[in-house]
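For reference, the chains in residue letters:
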Amino acid sequence: MTQRALDSSGEKPESVPASKVPVPAGGLTTAQVAERVARGEVNDVPVRSSRSVTEIVRANVLTRFNLIIGVLWVIMLIVAPFQDSLFGYVIIANTGIGIIQEWRAKKTLDGLAVIGEARPSVRRDGVSAEVSVSEIVLGDLIELGPGDKAVVDGTVAEADNLEIDESLLTGEADPVIKQPGDPVMSGSFVVAGGGAFTATKVGREAYAAQLAEEATRFTLVRSELRSGISTILKYVTWMMVPTATGLIISQLVVKNNNFKDSLARTIGGIVPIVPEGLVLLTSVAFAIGVIRLGRKQCLVQELPAIEGLARVDVVCLDKTGTLTEGGMDVTEVRPLNGSDEAYVHRVLAALGASDPRPNASLQAIIDAHPDGGDWGVTQALAFSSARKYSGAAFTEGDGSVSAWLLGAPDVLLSPDDPALTDTGRLNEQGLRVLLLARVPDDALDAPDAASGAVPTALVVLEQRLRPDAGATLAYFADQKVDAKVISGDNAVSVGAVAQKLGMPGAEHPVDARRLPGERDAMAAEIERNSVFGRVTPQQKRDMVAALQSREHTVAMTGDGVNDVLALKDADIGVSMGSGSEATRAVAQIVLLDNSFATLPAVVAEGRRVIGNITRVATLFLTKTVYSVLLAILVVCFQVEYPFLPRHLTLLSTLTIGVPAFFLALAPNKERARPHFVRRVMRYAIPSGVIAAAATFATYLVARHMYSGPGALEAETSAATLTLFLVSMWVLAIIARPYTWWRVALVAAMGLCFLIVLSVPWLQDFFALRLVGMTTPWTAVFIAVAAAAVLEVAWRRVGRRFPT
């Protein structure tokens, strides 16, 4: 790995190993930054959060089915009246809606991506300042702290107990201790300590460019819903070829009718086979979902997250930052073993001053002891979630030397220490307790530093509960979503906090150190309990995997570095906007307003989208089934196809298109279930078969009732009446359970069809005219009988395959 030498001369700099590049302590100067910008050595990778406008238009226009429908539309414009070409204009309108909706989603995502963009700290001219990722230049000195992600490749220049997790790159969960000169790979993140590194690869050369672009790209990646629709369309394509071939031969050769009329009826039989509206409606529903979540300050980094949310049945919550606010307050300092209270306060003040990047607990201590005194720091040990403590060594004001640890009492104390009894009582009250312990001066960085710790004081902290956390937990319980609190804190303390929020099962917290290691046994224990404490980062990951092994769909929330592995493995990762950059990078959804109360709205949006798409898909596929069967029956019976394109355009608009749009946007709290294709086809196939049989029966009856000029139009009108009534009954079933607007929707569609049959110019426009009384009432009778059969069929399917 090499880079150009950092000189300011006008000569072309030579390449030298990155590890040998001189790193100025104050970073680059303004002049050096300008030189690198002029040479193009800038991290200017164009990372897009959405597709470009050109890609959006291309994706919505250049589709296989638009090509098929487009060719048929051009033919109809040439050989048939305008009314028979209406289906083409509907395709144009639908494609336009899809482009507009996705463009709106693009604007929302682009704006939110800017808000959620990482801003690393870069040292220039001796001053540290936050800059955007795209403003980093080759040779910049980038500062690192706990939770920060390396956004470009580089070499460590400064290290203060720096530990970096490279699991996102290597899969190894153990953090790597970094020393000056060691490489830093973009995509890794800091878990402990701090430091700075020199950027040696920027732009497209850095691995971060690939990670960031992949994480924030607006992609329609594989999901059960989309793969299911693709499977349906694949089979529809296979059915179209033989069906269309037989229909063409039947109408143009066998019947030997008027060429233009036969061609129009042939196309009328082919067009409705394509469920093109289902693809469009799915895209529109996803786009609207993204926009709605964006307005709630939710950054959707991967579209399948919307579908995943609809399927979630377990949500794992990290206590800190989710149930509690980030801030804490010191409520008591309790000296142990006769320690001098004033001396303890000086130690705590010095510990607070020793850490330039304090966590929430240490910040509370700093707030309570703002005067750091005159103690000099000789060594510092950054907090690590794996070991559960931090520490520092000092030269005190009188010249003496001391070393201290501050961390979890149950980690630093022996199991029989009496101080643990006090700790337990405080934990039961929902208070957080830290132990201040003295260690030998030379043992601070020893692996077993805690073994020789002498208890000095208990520091009691009170966490601030989020005011909306209780209502959010109640929502999950109401929606039959199991909430599991998984925290690195003491189990009793975590349980007390959860109890204050009214969480079921919080009275029986579990210490994760006692969880079985075997996956199935662990899963059983997790299913039985709700609150878990002392969970290590690797255990969080194992717990998510254990739940997934039991066929649970798991969402994980978090904001700290210790949550990253679990967020990465969960089906849906949800990060707080104020959390570490590493958690935001791996999460599918980022709550930019840091509000846990937003989660119910996010889950509800996912359920609304997927539940409604599953519901309305039956409408579209019922049309496909009856269209294929009608074409086959026409070929077998060697009769004219009963419909012109204008008839099916009218039917599709009133019984599918308009109702499906409103139903797809309706509230829906039902949790999405697996096997999308099977669940939809269970109802679409019997519905389509019944509709085709009833329609063709009416058509055959009408052929025996009418003769002479105008007979075919009368036969078509009777068949159209039956098909409309049967399709309306399918719509009425799908619209259940009824609300006033659902009833109004179904009634409005029926009224529109009645107007078409009643207004003379609409009769002429759609070539619909009911002749006589016997045949129309026969058509109604057949439709009523078919509706009764539909009810029986749907109930039998529902009993055999309960949802």
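K.L.:
Give me the overall build of the protein: which residues, what numbers.
P.N.:
If you tally the helices and strands in the protein, you get 27 helices and 23 strands. When the 803 residues of the protein are sorted by exposure, 56% land in the buried category.

K.L.:
I'd love a proper account of the packing of helix α23 (residues 676-705) against helix α24 (residues 711-734), names of residues and values included.
P.N.:
One way to put it is that α23 packs onto α24 with a least axis distance of 8 Å and a crossing angle of 155 degrees. Here α23 lies roughly antiparallel to α24, going by the angle between them. Two packed elements cross with a definite hand, and for α23 against α24 that hand is right-handed. Each of S687, A691, A694, T695, T698, Y699, A702 and R703 in α23 lies in contact with α24, whose residues at this interface are L712, E715, A718, A719, T722, L723, V726 and V730.

K.L.:
Go over the packing of aromatic side chains with me, naming the residues and quoting the values.
P.N.:
This structure, assessed with the given rule, holds 12 aromatic pairs. When the ring of Y235 is compared with that of W238, the centres are 5.2 Å apart and the planes differ by 85 degrees; the resulting orientation is edge-to-face. Here Y235 and its partner W238 are both found in helix α7 (residues 224-254), three residues apart, which amounts to about one turn of the helix.

K.L.:
Residues and numbers for the sheet that holds strand β22 (residues 572-576), please.
P.N.:
Ordered in space as β10-β23-β22-β21-β11-β18-β20-β19, the eight strands form an open sheet in which the pairing is mixed. Only two strands of the sheet have a single neighbouring strand rather than two, namely β10 (298-300) and β19 (510-511). Taken together, the four bridges between strand β11 (residues 314-317) and strand β18 (residues 482-486) define a ladder with parallel strand orientation. In the sheet register, V315 faces β18, and the bridge partner there is A483. Along the sheet face, helix α18 (residues 537-549) touches β11, β18, β20 (531-533) and β21 (554-558) and points at about 160 degrees away from the line of β21.

K.L.:
Tell me about the nonpolar core, and please be specific about residues and values.
P.N.:
L323, F476, M503, I589, L591, F596 and F753 are the most contacted members of the largest nonpolar core, which totals 123 residues. When near neighbours in sequence (up to four residues on either side) are disregarded, L591 contacts Q297, C298, V574, S575, M576, G577, T598, L599 and V602.

Quick notes on the rules
Residues numbered from 1 in each chain as written. Predicted model: local features only at pLDDT ≥ 70, side-chain atom pairs only at ≥ 80, totals over all residues. Heavy atoms only, no water. Helix = DSSP H or I, 4+ residues; strand = E, 2+ residues; numbered from the N terminus. Buried < 20%, exposed > 50% of the residue type's maximum accessible area, 1.4 Å probe, protein only. Axes fitted to C-alpha atoms, helices over the stretch in contact; angles between N-to-C directions. Parallel < 35°, antiparallel > 145°, perpendicular 65-115°, else oblique. Left-handed = near helix turned anticlockwise from the far one by under 90°. Contact = heavy atoms within 4.5 Å. Phe/Tyr/Trp six-rings, centres within 6.5 Å; stacked < 30°, edge-to-face > 60°. Pairing = 2+ DSSP bridges. Core = buried A, V, L, I, M, F, W, Y, C linked by side-chain atoms within 4.5 Å.

Keep in mind these numbers describe shape, not what the thing actually does.
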